[in-house]
Amino acid sequence: MTDTSLSTPSTDRILAGVALMLGFCLTAPLLDVAAKLAADSVPVGQITAARFIGQCGLMAPFVWIMGLSLRVAHGLWLALVFRAALLLVSTFCFIAAISVMPLADALAIVFVAPFIVLLVGKYYFGEDVGPRRVWAALVGFIGVLLVIQPSFAAFGAVALFPLGTAVGFAFYILVTRGLSRWMHPVTLQFHTGLIASLMCLPVMVLAQGTGSSLLDPVWPEGIAWLWLFGVGFFATISHIMMTYALSLAPSATLAPLQYLELPVATLLGYLVFSDFPNTLTLTGITIIIGAGLYMIHRERVTASQLVRARAAPPI
């Protein structure tokens, strides 16, 4: 780990990181829009496969241009496959949800993932997490319940799919923390896309002709090809921007910006699909954002206290 006292990011680097994170917040919802548009005529499983095939194909030139090695240490393969599987399940659940739910409703439920990461870190990995952050996480869960309640009444069990996304993505983040110390972000993204694609293709072959509305592949027609390309393109671009943003600026600076993704998704959902959250859902979204921002604030306070404690001269 780099000693921050010796390598504090410059103002220019931090501003660049903030700009890239803002770019992520603007482009990630476009992935969701493309997926929802594609879902009108293409099964969810096929859209999910397009997301990873697109990521693999778009990342390959970056690997070649940057001269990166694709070798993976033997001990990392299991974690790499597990990471790809988690992202695959998370993506499938989310696309299945937004195929019938408004974007903002589904995305708000997914934002429970940081709370899950915090609680897993405390109770499974024994990380030092104060009671205020635990309470903030619990309040965030209450906000999620407020979003789920009207969605469940309107759409049925599919309203629970974003919870699957949240749980899968939370563990995906935890696995990524370990892998990022040993692999370059670009090769990590390439291998994730490749492995997930190889997982998707046999399922599509086996589902051929089954009549499954979620898995039985079809030959896309007309503009559906554009939506499928958009799914892979915006997924790749948004994740590259987020990855490099985190390499340029402290995560504590960037974390609050991620919540801008929710109002962007709400606006796009209204403009493209004429969807707008009801009062109860908006209340839940507000609680989720508030709890998340408070949790980030407490993490900053705790980090500052640790820095001051380490810097204090011995008595």
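Let me sum up the structure you'll find in this document. Keep in mind that this is a model prediction, so the values were computed, not measured.

For the rest of this paragraph, the subject is the packing of helix H3 (residues 77-98) against helix H8 (residues 185-207). H8 packs onto H3 with a crossing angle of 65 degrees between their chain directions and a minimal axis gap of 9 Å. Put simply, H3 runs roughly perpendicular to H8. Here the hand of the crossing between H3 and H8 comes out right-handed. Two secondary-structure elements touch here, H3 through Trp 77, Leu 80, Val 81, Arg 83, Ala 84, Ala 85, Leu 87 and Leu 88 and H8 through Leu 188, His 191, Thr 192, Ile 195, Ala 196, Met 199 and Cys 200. Its residues assigned to classes, the contact of H3 with H8 comprises twelve nonpolar, two polar and one charged.

Residues Ile 47, Phe 115 and Ile 288 are the most contacted members of the largest nonpolar core, which totals 57 residues. If we ignore the near neighbours within four places in the chain, the residues touching Ile 47 are Ala 35, Ala 38, Ala 39, Val 42, Ile 95, Leu 228 and Val 231. Listed in part, the 18 residues of the second largest apolar core include Val 72, Leu 86, Leu 88 and Met 204.

Moving on: the packing of aromatic side chains. In the structure shown here, the tally under the stated rule is six aromatic pairs. For the ring pair Phe 233 and Phe 234, a centre distance of 5.3 Å and an interplane angle of 75 degrees mean the geometry is edge-to-face. Looking at Phe 234, the relative accessible area reads 22%, which means it is partly exposed. These aromatic residues form a ring-pair network of at least three members: Phe 229, Phe 233 and Phe 234. The side chain of Lys 36 reaches across the aromatic face of Phe 273, ending 5.3 Å from its centre. Over the aromatic face of Phe 52 sits the side chain of Arg 51, whose NZ or CZ is 4.6 Å from the ring centroid.

Before going further, it helps to spend a moment on helix H11 (residues 261-273). The end-to-end C-alpha separation of H11 is 17 Å, in line with the 18 Å expected for 13 residues at 1.5 Å each. Positive backbone phi, at 60 degrees, marks Ser 274, one or two positions downstream of H11.

We now examine the environment of Gln 258. Checked against the element boundaries, Gln 258 lands in the loop between helix H10 (251-254) and H11. A residue is classified by how much of its surface remains accessible, and Gln 258, at 27% relative accessible area, is partly exposed. As a C-alpha pair, Gln 258 and Leu 22 span 236 residues in sequence and 7.8 Å in three-dimensional space. Setting aside anything within four residues of it in sequence, one finds Gln 258 in contact with Phe 24, Cys 25 and Phe 111.

Let us now look at the side chain of Gln 46. Mapping Gln 46 onto the fold places it in helix H2 (residues 44-65). Given the relative accessible area of 10%, Gln 46 is considered buried. Ignoring any residue separated from it by four or fewer positions in sequence, one finds Gln 46 in contact with Met 204, Pro 217, Val 218 and Pro 220.

Conventions we followed
Residues numbered from 1 in each chain as written. Predicted model: local features only at pLDDT ≥ 70, side-chain atom pairs only at ≥ 80, totals over all residues. Heavy atoms only, no water. Axes fitted to C-alpha atoms, helices over the stretch in contact; angles between N-to-C directions. Helix = DSSP H or I, 4+ residues; strand = E, 2+ residues; numbered from the N terminus. Parallel < 35°, antiparallel > 145°, perpendicular 65-115°, else oblique. Left-handed = near helix turned anticlockwise from the far one by under 90°. Contact = heavy atoms within 4.5 Å. Nonpolar A, V, L, I, M, F, W, Y, C, P; charged D, E, K, R; others polar. Core = buried A, V, L, I, M, F, W, Y, C linked by side-chain atoms within 4.5 Å. Buried < 20%, exposed > 50% of the residue type's maximum accessible area, 1.4 Å probe, protein only. Phe/Tyr/Trp six-rings, centres within 6.5 Å; stacked < 30°, edge-to-face > 60°. Lys NZ or Arg CZ within 6 Å of the ring centre and 35° of its normal. Expected span 1.5 Å × (residues − 1).

By themselves, these observations are geometric and do not establish any function.
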